Amino acid sequence: MAAAEAADTQLMLGVGLIEKDTNGEVLWVWCYPSTTASLRNLLLRKCCLTHENKLLHPFVFGQYRRMWFYITTVEVPDSSVLKKVTHFSIVLTAKDFNPEKYAAFTRILCRMYLKYGSPVKMMESYIAVLTKGICQSEENGSFLSKDFDARKAYLAGSIKDIVSQFGMETVILHTALMLKKRIVVYHPKIEAVQEFTRTLPALVWHRQDWTILHSYVHLHADELEGLQMCTGYIAGFVDLEVSNRPDLYDVFVNLAESEIIIAPLAKEAMTLGKLHKEIGQLIVQSAEDPERSDSQVIQDIALKTKEIFTNLAPFSEVSDDGGKITLNFEALKQKRFPPATENFLYHLAAAEQMLKI
C-alpha cells in the first residue's frame, strides 16, 4: 500500500504562480522546482489572464509532450491580503490525466494564496502531497490524492451527450479512433472543447489510453510540432483557423456547428459500410436507452469492439521472427467480406501494427 501511495504521489512535476497586477501586467511570479523559459511561455499562453478577451476560465487542462498541465484562475476579492493583484492562476504540471484531482488541489492552493499572500504555504502543501499524498488544513480544506482514481477520470465525460449531438455520425469518431487517426475538434469555448475531447478516448475503452488527448492546443509552431510527433490524437482548438490546416487532421469536428468532416486523404481508410452501420446503430440504441448509464454505454461499445477483434483473429498468425501477431492478408481476402469491411479490418490491423513489413 505504501509503495502504491508513493507511486501515486510521484505523479506531480511542478507548481507555478502567474499574477495579473493592477496595471494589467501578467507575470510569471514563482515556481517550484525551476522550469524552462519555453514551458513558462506555453503555460502563460494557456492561462486566460494573457488573453485579450478578458474572459475568465476558472479551470483549463491539456497535454504537451507527455506532460499534463492544470490551471485554476481566480479573481482577487478586495478583502484579500493581495492588494496589488487583481487575478492569479495556479499552475500544476503532472504525469497523469486527472482533471478532477488537480482541480480540487489547485482550488486549495488558491485559497491559501488568497489568505496568506505568500507562496510558502502553497509550497508546504505541494511537498506534503508530493511526499505523502495528503494535505490537511482546517480553513482551506483537505486533499487526499488516493480519493481520485484514474478510472473515474476516464469515465467523467458523457458519451450519451456526444451521441445525442451526432447520432449515427458518432461511428465516424469510433472508426477514426479505432484506426488511430488524427481528430481535431473546434469550438470557440474552451470548456466545450475540453468536455467533448476528454470523453472521446472512452469510445475505444479497450485501450484505456488518454495519452492521445490534447484538449487545449494553440496554433503555435512548438505545440504543433509536438502534436505531429504522435501517430493518432484528439486535439482541441478554440481558433477556427485550424479548419484551414488539413495537414493536422483526418477528421475535423466543428462542435459549434455539429458537423464532422473526413479529410480527402483519409476517405479511403475511413470508407464506411455495413459493419459501421451495425456499430452506429448499436451506439445510438445503447446511448438513447434512458435505463443505461454512460459507463454501461461504454461497456456496450467495448463489447462490440471486442467482437471486431474476434473477427480479425482467424486471419492473424504468429510471425516467424519472435512471435509477433501479424495479419494474413490472403486469408482475409479469401473470406470475401464486403469491400468496406475488408478495408476496415486491413486498416485496423495496420493501426494495431499487425502488418508484415
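Structural notes, computed from the coordinates. None of the values given here were measured: they were computed from a predicted structure.

**Quick notes on the packing of aromatic side chains**
Applying the stated criterion to the full structure yields 19 aromatic pairs. Between W205 and W210, the ring centres sit 6.0 Å apart and the planes meet at 80 degrees, which makes this aromatic pair edge-to-face. By relative accessible area, which is 12% here, W205 ends up buried. Under the relative-accessibility criterion, W210 is labelled buried at 3%. Chaining the aromatic ring pairs together yields one cluster made of F59, F61, W68, Y70, F97, Y102, Y154, W205 and W210.

**Describing the nonpolar core**
Judged by nonpolar contacts, the single largest core of 84 residues is most densely connected at F88, L200 and V253. Looking at this core, the element that brings in the most residues is helix α3 (residues 99-116), giving 9 residues. With sequence-adjacent residues up to four places away left out, F88 is seen in contact with L17, I18, E19, L49, T72, T73, V74, V76, L82, C110, Y113 and L114.

**Brief notes about the sheet that holds strand β4 (residues 67-75)**
Whenever strands of a sheet pair, they do so through backbone hydrogen bonds, lying parallel or antiparallel. Spatial ordering of the open sheet is given by β2-β1-β5-β4-β3, a layout of 5 strands whose pairing is antiparallel. On the outer flanks of this sheet lie β2 (26-32) and β3 (59-64), each paired with one strand and no other. Each adjacent strand pair in this sheet contributes to an overall mean axis angle of 20 degrees, direction not counted. Judged from the 9 bridges that link them, strand β1 (residues 12-21) and strand β5 (residues 85-94) form a sheet pairing that is antiparallel.

Here is what the cut-offs are and how they apply
Residues numbered from 1 in each chain as written. Predicted model: local features only at pLDDT ≥ 70, side-chain atom pairs only at ≥ 80, totals over all residues. Heavy atoms only, no water. Phe/Tyr/Trp six-rings, centres within 6.5 Å; stacked < 30°, edge-to-face > 60°. Buried < 20%, exposed > 50% of the residue type's maximum accessible area, 1.4 Å probe, protein only. Core = buried A, V, L, I, M, F, W, Y, C linked by side-chain atoms within 4.5 Å. Helix = DSSP H or I, 4+ residues; strand = E, 2+ residues; numbered from the N terminus. Contact = heavy atoms within 4.5 Å. Pairing = 2+ DSSP bridges. Axes fitted to C-alpha atoms, helices over the stretch in contact; angles between N-to-C directions.

Any functional reading would require information that these geometric values do not contain.
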